[in-house]
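Inside the fold
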Amino acid sequence: MNNTNVYLENGEPLGPDILGMTAEELSLVQREESISDAAFKTESISYGKDVWRRFRRSKVTVVSAVIILLIMLMGIIGPYLSPHDYLTQRLDLKNLPPRIPGIENLGILDGTRVLTIQENSLEDYEGCVVENLGSYEVSSAFGTGTMLRIKVDMYKYNGVADEYYWFGTDDLGRDLFSRLWQGTRVSLILAFAVVAVNLTIGLVVGAICGYYGGWVDLIIQRLMDIVWNIPSMPLTILLIMLLGSGILPLMLVFCLTGWMGTANGVRMQFYRYKNREYVLASRTMGSSDVRTMGRHILPNAIGTIITQSALAIPNVVFQEAGLSYLGLGVQAPNPSIGVMLSDGQKALLEFPYMIVPPSIVLVLLMLAFNLMGNGLRDAFNPSIRQ
Amino acid sequence: MIKYIIQRIIAAFFTFLVIVVVVFFVIHSMPGDIIDLSSKIDPTVREVILDKYHLNDPLIVQFGYTMADYLHFDFGYSLKIRPGVPVLQVVLERLPITIQLNYFAALLILPVGLILGIIMAIKKDTVFDHISSSLVILLISVPSFVLAALMQYFLAYKLGWFPIILEAEESLTWSKFYSMLLPILALSFGSIASIARTLRAELAEVLTMDFMLLAKAKGLSFRQTIWRHALRNSCVPLASTFLYLFLGVLSSSLVIEQIFSVPGLSKTMLSAINGKDHWLTMGIVIFYVFIGLFMAILADLSYGIVDPRIRMGGKKDE
């Protein structure tokens, strides 16, 4: 092991007198061992894992994600939970107030309404009056009469004392619970489809504009400028009048200008990164344009894109609600959150309970997606990586 | 700078032309007859009307006639919504109420939004901040028609504090202003919320910067540091919002007009489209396109004024 000759730096053999030791007594260390850096004791963390870790850490973000998942779940199974489906019309049972088993014993959501009637028509409500809230005199051209304010069990009055409509019924006697979740389903499907289309078009156009630049970019930018500047409201109304209302025309309306935000974002990213040295290096090594774009440039923009998409989803639901209010939304028998809201708004003065559930679902969706979007933005931001 | 403005105006002009062409053909390709008085009208009269408006000619010829009229600033006459009234006059008649509503709303939005945003940023992470932040997100999350409907229900119907719809009175009297309060509030909430939210984020970031420490170190009072140094820097992203508040007075909200029965321009446009009053529709859409393009140019220029570091006409790349 130590038989080999040992030399000093100037080439002279190491003499036997050094340190008073002979060559036989000296031994070389680490000659046979391979030396390498110690392996990390901790697990290595990829970008994806890191994002997931930061995403999980924020309580608000996780709660928002759970709320979104719950609403999506209800959008899938909700319409089947109630014994009444969302299309069956029962004109004899229209405008029933909400009634929920269990909670009805607490005196709320028990299917009662306060009515103001003339005293002599009290017998119509025989047996259904839950509570008498007093009477007052009214004098008109036909003489004076007594008006009664009574709390009536509308379910008993309509002869369905053993049925429960959890959120009540609308003016065609359809179950609002099933309609709400069916509407949530329609709204969410529309929103996800719109965002998916916008994302695809935006990515492709943005990548082409940003990567190739030059006259291609110029022409596409001019075209986008034109479409962008058409006032959206008249165009939307015109398109829907032209194509009829429904999910596909609505998608067209939302996609017409919707992809431009993504396209501009992607284009900026491509402009920023396409001349970096590492991109040049990959091109020198012969990678194709598509590969350069997909593997080397696009990942820089992925965080922004996902965040933008998360924020775009509630916007579509929100805008669809606005269009539904104007009667331009999803086609008639089908509900959407917007249709439910606008129905509720029209009946607000008489049946205020109709507008409450869709409002709550919409507000929850908006809040949850916005908060989750903020959480995602922080999670994807590598500058606060820990 | 001048060169940049001229470039922008030329580009906007071409955009304008293309949009007018597109809108013309979209409107005229709508199904249905422009004159659907069929049963009552004498065929010869019908022919006269059709001839007068060149409706028997192919679409491309009609387009030529319309464009020739537009060159003389003749926007035609309304056919159904306000029969016989020039389109320009209809548009001008609808504008005052829209402008009044929007100006009053802007006068409410600007101070409330700014002050709320400033207080939220200064008191960041306190109870006040948390409560107002939740309120702001809530206001942004609820569609304006739900908010307006709820206000109408509780404030006007249940409590009877305000009239339910706008008074039909033409001139701006005190009682008319009183009935405008609810639509003004409904128009304001969303903008107040978005201004407060943006300002809070921007101001909170500026407050942590070094030059704020410098301002404090050279002896400025807290009020001075906020007004002179922090606010100016944090207002850059809001510049276009402020501009839109005062220039956007001409655009009207269809939803608010529907709920409060405001006889505004958007409502007229909706009925014009529904009634196939093509000349009126064209007139209103052209008006909107013009305003929109004009404001886009002004908003771009305003960035350079608010933030001198932004150079106009500089190359975007890199």
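Each chain carries its own residue numbering, running from 1 in the direction its sequence is written. Lettering of chains starts at A and numbering of ligands starts at 1, both following the order in which they are written. Under the rules for a predicted model, residues below a pLDDT of 70 receive no local features and side-chain atom pairs below 80 are neither given nor counted, while totals for whole chains, interfaces and linings still include all residues. Side-chain measures were taken over the full set of non-hydrogen atoms in the model, leaving aside hydrogen atoms and water.

Some points on the overall build of chain A
The number of helices and strands found in chain A is twelve helices and three strands. Here chain A has a C-alpha radius of gyration of 35 Å; the compact-globule value for 386 residues is 21 Å, and the former is much larger. The buried label goes to any residue with under 20% of its type's maximum accessible area, the exposed label to any with over 50%, and the partly exposed label to all in between, with areas taken from a 1.4 Å probe on protein chains only. Within chain A, the proportion of its 386 residues that are buried is 43%. Counting only contacts in chain A whose residues sit at least 6 apart along the sequence, the fraction spanning at least 24 positions is 71%. Computed with the Shrake-Rupley method and a 1.4 Å probe, the accessible areas treat only the protein chains shown as cover for residues. For chain A, the exposed area adds up to about 21,400 Å²; of that, 60% sits on carbon and sulfur atoms. A run of DSSP states H or I qualifies as a helix once it reaches four residues; a run of E qualifies as a strand once it reaches two. Both are numbered from the N-terminal end. The globule rule used here is 2.2 Å times the number of residues to the 0.38 power, and the radius of gyration it is set against is calculated over C-alpha atoms. Contacts were defined at the residue level, with two residues in contact if any of their heavy atoms lie within 4.5 Å.

Some details on the domain arrangement of chain A
Domain segmentation is taken from an automatic or database assignment of domains. Partitioning chain A into domains gives domain 1 (47-86 + 173-379) and domain 2 (97-157). Computed from C-alpha atoms alone, the centre-to-centre distance between domain 1 of chain A and domain 2 of chain A is 46 Å.

Quick notes on the nonpolar core
To form a nonpolar core, buried Ala, Val, Leu, Ile, Met, Phe, Trp, Tyr and Cys residues must be joined to one another through side-chain atoms within 4.5 Å. Leu341 of chain A together with Phe145, Phe260 and Met282 of chain B are the most contacted members of the largest nonpolar core, which totals 138 residues. Top contributing element to this core by residue count: helix α13 (residues 278-306) of chain B, with twelve residues.

Re helix α1 (residues 2-28) of chain B
Expected span of a helix, by definition, is 1.5 Å for each gap between consecutive residues, and there is one gap fewer than residues. For α1 of chain B, spanning 27 residues, the distance from its first C-alpha to its last is 39 Å, which sits close to the expected 39 Å at 1.5 Å a residue. Within α1 of chain B the residues assigned to the buried category are Tyr4, Ala12, Thr15, Phe16, Ile19, Val20, Val23, Phe24, Val26, Ile27 and His28 of chain B.

Focus: the side chain of glutamine 269 of chain A
The topology assignment puts glutamine 269 of chain A in helix α7 (residues 247-273). Other than its neighbours up to four places away in sequence, glutamine 269 of chain A contacts Ile297, Asn300, Ala301 and Thr304 of chain A.

Structural notes on the pattern of salt bridges
Salt bridges are identified by distance alone: a Lys or Arg side-chain nitrogen within 4 Å of an Asp or Glu carboxyl oxygen. Scanning all chains against the criterion turns up six salt bridges over all chains. Put simply, arginine 200 of chain B and aspartate 129 of chain B hold a salt bridge, and the shortest N to O gap is 2.8 Å. Note that arginine 200 of chain B is positioned in helix α7 (residues 174-207) and aspartate 129 of chain B in helix α5 (residues 127-141), a separation of 71 residues in sequence. The exposure class assigned to aspartate 129 of chain B is buried, which follows from its relative accessible area of 1%. Each of the salt bridges in this network shares a partner with another, and the network as a whole consists of Asp50, Arg53 and Arg54 of chain A.

Concerning the packing of helix α4 (residues 176-212) of chain A against α7 of chain A
Residue and element names in this part refer to chain A. Lines fitted to C-alpha atoms define the axes, with helix axes restricted to the stretch in contact, and inter-axis angles between N-to-C directions lie between 0 and 180 degrees. Contact pair α4 / α7: the axes reach a minimum separation of 6 Å and the direction vectors enclose 40°. In this structure, the crossing between α4 and α7 has a hand that is right-handed. Tallied by class, residues from the contact of α4 with α7 come to 22 nonpolar, six polar and one charged. Helix crossings are classified by the rotation of the near helix relative to the far one: an anticlockwise turn of less than a right angle makes the crossing left-handed, while a clockwise turn makes it right-handed. For this classification, the nonpolar set comprises Ala, Val, Leu, Ile, Met, Phe, Trp, Tyr, Cys and Pro, the charged set comprises Asp, Glu, Lys and Arg, and every other residue, Gly included, is treated as polar.

Examining the packing of aromatic side chains
Whether two aromatic rings pair depends on their centres lying within 6.5 Å, for rings of Phe, Tyr and Trp, where Trp uses its six-membered ring; planes under 30 degrees apart make the pair stacked, over 60 edge-to-face, and the rest tilted. Taken as a whole and assessed by the stated rule, the structure comprises 13 aromatic pairs over all chains. Ring centres 6.3 Å apart and planes at 75° place the aromatic pair phenylalanine 177 of chain A and tryptophan 181 of chain A in the edge-to-face group. On the criterion of helical spacing, the pair formed by phenylalanine 177 of chain A and tryptophan 181 of chain A is a turn pair, its members being four residues apart in helix α4. Tryptophan 181 of chain A sits in the buried class, given a relative accessible area of 10%. Taking the centre distance of 5.2 Å and the plane angle of 35° together, the rings of phenylalanine 25 of chain B and phenylalanine 63 of chain B count as tilted. Remark: phenylalanine 63 of chain B occurs in helix α3 (residues 59-71) and phenylalanine 25 of chain B occurs in helix α1; sequence separation between them is 38 residues. A residue is classified by how much of its surface remains accessible, and phenylalanine 63 of chain B, at 15% relative accessible area, is buried. A network of ring pairs unites the aromatic residues Phe167, Phe177 and Trp181 of chain A as a single cluster. The aromatic ring of tyrosine 271 of chain A is capped on one face by lysine 274 of chain A, whose charged end is 4.6 Å from the ring centroid. In this analysis the charged atom, NZ for Lys or CZ for Arg, is taken to sit over a ring once it is within 6 Å of the ring centre and within 35 degrees of the ring normal.

Some points on the confidence of the model for chain B
Residues and elements named next belong to chain B. You can read pLDDT as the predictor saying how much it trusts each residue, on a scale of 0 to 100. Averaged over all residues, the pLDDT of chain B equals 79, while 89% of them reach at least 70. When the elements of chain B are averaged for pLDDT, helix α2 (residues 43-52) gives the smallest value, 72, and helix α4 (residues 87-122) the largest, 86. Long-range and interchain partners of residues 314-318, a stretch whose pLDDT sits below 50, account for four contacts in this model, where long-range means more than four residues apart. Confidence estimates for the predicted assembly give a pTM of 0.76 and an ipTM of 0.71.

Digging into empty space enclosed by the protein
Residue and element names in this part refer to chain A. A cavity, in this analysis, means grid points on a 1 Å lattice covering only the protein atoms where a 1.4 Å probe fits yet has no way out; a pocket is instead an open set bounded by protein on both sides within 12 Å along at least five of seven lines, and a residue lines either one if it has an atom within 4 Å of a point. Grid points are joined across faces, edges and corners, and a volume is the space filled by probe spheres set on the points. A complete count under the given rule lists two cavities of 30 Å³ or more for this structure. In this model, the second largest cavity occupies a volume close to 30 Å³. Lining the second largest cavity, in full, are Asp170, Leu176, Arg179, Met340, Asp343 and Met354. Looking at the lining of the second largest cavity, the elements with two or more residues in it are α4 and α11 (337-346). Class assignment of the residues belonging to the lining of the second largest cavity gives a composition of three nonpolar, no polar and three charged.

So, the interface of chain A and chain B
Taken together, the contacts link 33 residues of chain A with 37 residues of chain B. Overall, the association of chain A and chain B removes approximately 3,300 Å² of surface from exposure, summing both partners, and the carbon and sulfur fraction of that is 80%. Two parts placed together each lose some accessible area under a 1.4 Å probe, and the buried area is that loss summed for both. Of all residues in chain A, Leu238, Tyr325 and Leu349 of chain A give up the largest surface area on contact with chain B, accounting jointly for 17% of the area buried on that side. Linking chain A to chain B there are zero salt bridges. Polar contact criterion, stated in full: a pair of N or O atoms within 3.5 Å, where within protein one must be able to donate a hydrogen and the other to accept it, and residues adjacent in sequence count only if both atoms are side-chain atoms. At the junction of chain A and chain B, the tally comes to zero residue pairs in polar contact (both at pLDDT 80 or more). At the level of secondary structure, the elements contributing two or more residues to the side of chain A that touches chain B comprise α5 (214-229), α6 (232-243), α7, α10 (302-325), α11 and α12 (356-380) of chain A. Its residues assigned to classes, the side of chain A that touches chain B shows 24 nonpolar, six polar and three charged.

Focus: a nonpolar patch on the surface
Residue and element names in this part refer to chain B. Exposure above 30% relative accessible area and the absence of a salt bridge qualify a residue for a patch, where like charges join within 9 Å and nonpolar side chains (Val, Leu, Ile, Met, Phe, Trp, Tyr) within 5 Å. Taken together, the side chains of Met1, Ile2, Ile6, Ile10, Phe13, Phe14, Leu17, Val18 and Val22 make up a nonpolar region of the molecular surface, amounting to roughly 840 Å² of accessible area. Along the chain, leucine 17 turns up in helix α1. Taking the relative accessible area as the measure of exposure, leucine 17 reaches 37% and is therefore partly exposed.

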